[in-house]
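# Descriptive analysis of the structure
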Amino acid sequence: MQVIKAKELGFCMGVRRAVDMMEAAAGEMGPITSLGSTVHNPQVVDRLRGRGVDVIATLQAIDARPVAITAHGVGPEVMQELQSRGAAVVGTTCPIVTRAQQWAKRLSDEGFGVIIFGDPDHKEVRGIVGWAGGKAVTMRTEAELAAPLPEWMPSRIAALSQTTETEAHFASFVQTLLSTHMDRISELRVVNTLCNATTSQQAATEELAQQVDLMVVVGGRESANTRHLADVARERGIETYHVESASELDPAWFAGHDRVGVAAGASTPDAVIDEVVARLHDLAA
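Quick look at the structure, then. Everything quoted here is computed from the prediction, not taken from an experiment.

## Concerning the sheet that holds strand β3 (residues 53–56)
Strand pairing in a sheet relies on backbone hydrogen bonds, with the paired strands running either antiparallel or parallel. Ordered by their spatial adjacency, 4 strands build an open sheet running β3-β2-β4-β5, and the pairing between neighbours is parallel. Edge positions in the sheet fall to β3 and β5 (89–91), since each of these pairs with one other strand and no more. Ignoring strand direction, the axes of neighbouring strands in this sheet form an average angle of 30°. Across the sheet, helix α3 (residues 76–84) touches β2 (32–35), β4 (67–69) and β5, and the angle it forms with β4 is around 165°.

## Re the nonpolar core
Formed by 17 residues in total, the largest nonpolar core has its most connected members in Val-216, Val-218, Leu-249, Phe-254, Val-276 and Leu-280. Elements supplying a minimum of two residues to this core: β10 (214–218), β12 (259–264) and α9 (270–284). Per-element accounting of this core gives the leading share, 5 residues, to α9. What Val-276 contacts, discounting residues up to four positions off in sequence, is Val-216, Val-218, Ser-245, Ala-246 and Leu-249.

## Quick look at the sheet that holds strand β9 (residues 187–190)
An order of β7-β6-β8-β9 is seen for the 4 strands of this open sheet, with the pairing classed as parallel. The sheet terminates laterally at β7 (136–139) and β9, the two strands that pair on one side only. Pairwise comparison of adjacent strand axes, ignoring direction, gives a mean angle of 20° for this sheet. Against the sheet, helix α4 (residues 95–109) makes contact with β6 (113–117), β8 (156–161) and β9, and its axis sits at roughly 175° relative to β8, the strand it touches most. Where helix α6 (residues 167–180) meets the sheet, its contacts fall on β6, β7, β8 and β9, and the angle it forms with β8 comes to roughly 165°.

## Observations concerning the pairing of β9
In terms of strand pairing, β8 meets β9 through 4 bridges, oriented parallel. By the bridge assignment for β9, Ala-159 is matched with Val-190. Handedness of the β8-α6-β9 crossover: right-handed.

## Notes on empty space enclosed by the protein
Where empty space is left can be seen by rolling a probe of water-molecule size over the atoms. Evaluation of the coordinates by the stated rule reveals 1 cavity of 30 Å³ or more. The calculated volume of the largest cavity comes to roughly 260 Å³. Forming the boundary of the largest cavity are 22 residues, of which Cys-12, Val-15, His-72, Thr-164 and Asn-225 lie nearest the centre. Elements represented by at least two residues in the lining of the largest cavity include exactly α1 (13–29), α4 and α8 (224–235). Looking at the lining of the largest cavity, its residues break down into 10 nonpolar, 11 polar and 1 charged.

## Regarding the packing of α4 against helix α5 (residues 123–131)
Think of two packed helices as two axes; the pair is described by the angle between the axes and how far apart they sit. Two numbers describe how α4 lies on α5: the axes approach to 7 Å, and their chain directions differ by 30°. As for how α4 packs across α5, the hand of that crossing is right-handed. Where α4 approaches α5, its residues Val-97, Ala-100, Gln-101, Ala-104 and Lys-105 are matched on the opposing element by Glu-124, Ile-128 and Trp-131. A per-class count over the contact of α4 with α5 returns 5 nonpolar, 1 polar and 2 charged.

## Let's talk about α4
Between its first and last C-alpha atoms α4 spans 21 Å; for 15 residues at 1.5 Å apiece the expected length is 21 Å, and the two agree. Contacts from the buried residues of α4 go to β6, α5, β8 and β9. With its phi angle positive at about 95°, Gly-111 sits one or two positions after the end of α4.

## Here we look at the packing of aromatic side chains
Enumeration according to the criterion identifies 4 aromatic pairs in this entry. Judged by centre distance (6.3 Å) and plane angle (15°), the rings of Phe-117 and Phe-170 are stacked. Of the two residues, Phe-117 is situated in strand β6 and Phe-170 in helix α6; the sequence distance between them amounts to 53 residues. Accessibility expressed as a relative area gives 5% for Phe-117, which makes it buried. Taken together, a centroid distance of 4.0 Å and an interplanar angle of 5° make the contact between Tyr-241 and Trp-253 stacked. With a gap of 12 residues between them, Tyr-241 in strand β11 (residues 240–243) and Trp-253 in the loop between β11 and β12 connect regions that are remote in the sequence. Through successive ring pairs, a cluster of aromatic residues spans Phe-117, Phe-170 and Phe-173. Looking at Arg-156, its charged tip hangs above the ring of Phe-112, at a distance of 4.2 Å from the centre.

Analysis parameters
- Residues numbered from 1 in each chain as written.
- Predicted model: local features only at pLDDT ≥ 70, side-chain atom pairs only at ≥ 80, totals over all residues.
- Heavy atoms only, no water.
- Pairing = 2+ DSSP bridges.
- Helix = DSSP H or I, 4+ residues; strand = E, 2+ residues; numbered from the N terminus.
- Axes fitted to C-alpha atoms, helices over the stretch in contact; angles between N-to-C directions.
- Contact = heavy atoms within 4.5 Å.
- Core = buried A, V, L, I, M, F, W, Y, C linked by side-chain atoms within 4.5 Å.
- Buried < 20%, exposed > 50% of the residue type's maximum accessible area, 1.4 Å probe, protein only.
- Right-handed = clockwise from strand over helix to strand, strands pointing away.
- 1 Å grid on protein atoms, 1.4 Å probe; cavity = no way out; pocket = protein on both sides within 12 Å on 5 of 7 lines; lining within 4 Å.
- Points joined across faces, edges and corners; volume = space filled by probe spheres on them.
- Nonpolar A, V, L, I, M, F, W, Y, C, P; charged D, E, K, R; others polar.
- Left-handed = near helix turned anticlockwise from the far one by under 90°.
- Expected span 1.5 Å × (residues − 1).
- Phe/Tyr/Trp six-rings, centres within 6.5 Å; stacked < 30°, edge-to-face > 60°.
- Lys NZ or Arg CZ within 6 Å of the ring centre and 35° of its normal.

Structure, rendered in structure tokens:
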């Protein structure tokens with residue numbers, strides 16, 4: 001059995017930057033807290049906890065320790081609350097996410113109603129909605145466009161995307177938005193807020209899926225970009241398994257398969273990828 005890794009996989013710039021900044025802050029300032037998981041990867045969270053970065057779930061859990069904003073970012077109301085509490089803040093929001101937040105605010109200020117294509121329950125998306133000042137709606141799928149747009153939505157509409165969505169899905173969403181609601185739209189502004197790193201990983205995963213007969217995608221189950229990589233492979237009709245670690249690999253999956261591809265999300269550390277690849281080589285022996 002041949003094991004082939006995707007050309008682009010693993011830690012992206014935004015994740016590596018956030019992890020490095022939190023480790024440095026804990027080293028300089030002593031123990032700190034992270035408002036939510038630093039990234040959606042359990043191994044990374046465990047590593048940071050061992051280096052003095054504790055995870056808190058809510059603002060009510062804030063204590064005297066500095067508070068780190070994760071790579072996913074937060075809305076302005078959270079920043080205001082932290083300021084009012086006098087908390088020392090370590091900002092590690094990914095620059096790509098910051099750009100999406102800035103576009104949401106700018107377009108809202110210019111009178112656009114903002115539609116965000118993404119997961120409404122995802123921390124990144126909730127933050128972007130906050131920067132739009134409440135003048136935004138989130139849609140997870142283009143099927144939701146079958147319903148009427150909110151009555152408050154102006155005729156000038158802007159479409160943004162969660163940074164980890166795929167190019168194909170966002171393009172299809174925008175096309176459906178225009179064809180379904182042309183009667184409501186006097187102006188449509190589309191801003192490409194997709195992350196170049198995750199787009200490159202998706203392209204590499206799609207390319208690899210055409211060369212193998214089974215795919216293993218490595219990364220946290222809460223990681224949106226990792227789930228999208230698995231979706232990309234499955235849409236190519238390839239048998240695909242999403243695992244968080246090498247221990248989840250089932251030898252039965254690989255019976256009768258000659259070429260196995262490995263892709264990994266932008267929050268998956270190199271060590272975890274290496275362990276999965278090593279395990280696959282053991283199974284192939």
